[in-house]
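Structural characterization, general
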Amino acid sequence: MSDENGRKKRSWLRISIEYGIYLVLILLCVFWVPEHVVQRTKVDGSSMESTFSDEESLLVEKVSYHFTDPSRYDIVVFYPEGRDSDEYFVKRIYGLPGETVQIIGKRIYINGEMISDDYAKDGVMDEAGIAAEPVKLAEDEYFVLGDNRTVSKDSRDPTVGPVKKENIDGHVVLRIWPLNKFGTL
């Protein structure tokens, strides 16, 4: 009889440990993974058209920028007012740390040389904003633009300006909704 009680206690102990492990894994997936690894985000507005439309859902990975720096033309999610704010933007990187950015007409110049701008919706840029004059980026700053330049609030706007690396939350890697546009970027 005592052997049977020992088995019951062990089986209950084993079950309790298994449920405990499952609970920890669920809590990690619900709270830690979205904060530190990968997160779903939703496009709000038309500032990234034609690349993204309003209400599309994206996956943002948050790990790689701890090991490498963002690259030109990466699409990032960042907090324009710092990480204490709930407001975030989705934009494309054009200027990298240490570079000088200037917009003349519809053209973007980095360190005095015109760069390719294949992402601007309809090739339109109606306003240079603060980049009408050369903008020298600090060693931790990036210059970002929305693809739909006529409505985008981006680094050209003095209230946004250059984006500090610490305020970049992650790199957009996948469109997950709508399903007919599902895929990597």
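So, here's what we can say about the structure. Computed from a predicted structure; not experimentally measured.

Grouped together as the largest cluster of nonpolar side chains are 13 residues, with contacts concentrated most on V101, I103, I108 and F143. Those elements giving two or more residues to this core turn out to be β5 (100-104), β6 (107-110) and β9 (141-145). Core analysis: the second largest hydrophobic core is formed by eleven residues, Y65, V76, L96 and Y142 among them.

So, about the sheet that holds strand β7 (residues 113-114). Sheet architecture is open: four strands sit in the order β7-β6-β5-β8, paired in antiparallel fashion. Since the sheet does not close on itself, it has two edges, and those belong to β7 and β8 (135-136), each with one partner. The sheet contact formed by β6 and β7 spans two bridges and is antiparallel. By the bridge assignment, Y109 is partnered in β7 with M114.

Under the counting rule described, the total for this entry stands at four aromatic pairs. With centroids separated by 5.4 Å and ring planes inclined at 85°, the aromatic side chains of Y73 and Y94 adopt a geometry described as edge-to-face. With Y73 in the loop between β2 (57-61) and β3 (75-78) and Y94 in strand β4 (residues 89-95), the pair connects residues that are 21 residues apart, well separated along the chain. Judged by relative accessible area, Y94 falls into the buried class, the value being 0%. Measuring from centroid to centroid gives 5.5 Å for Y73 and Y119, while their planes differ by 50°, and the two rings are tilted. Highlighted residues: Y73 in the loop between β2 and β3 and Y119 in the loop between β7 and β8, separated in sequence by 46 residues. These aromatic residues form a ring-pair network of at least three members: Y73, Y94 and Y119.

Rules used throughout
- Residues numbered from 1 in each chain as written.
- Predicted model: local features only at pLDDT ≥ 70, side-chain atom pairs only at ≥ 80, totals over all residues.
- Heavy atoms only, no water.
- Core = buried A, V, L, I, M, F, W, Y, C linked by side-chain atoms within 4.5 Å.
- Buried < 20%, exposed > 50% of the residue type's maximum accessible area, 1.4 Å probe, protein only.
- Helix = DSSP H or I, 4+ residues; strand = E, 2+ residues; numbered from the N terminus.
- Pairing = 2+ DSSP bridges.
- Phe/Tyr/Trp six-rings, centres within 6.5 Å; stacked < 30°, edge-to-face > 60°.

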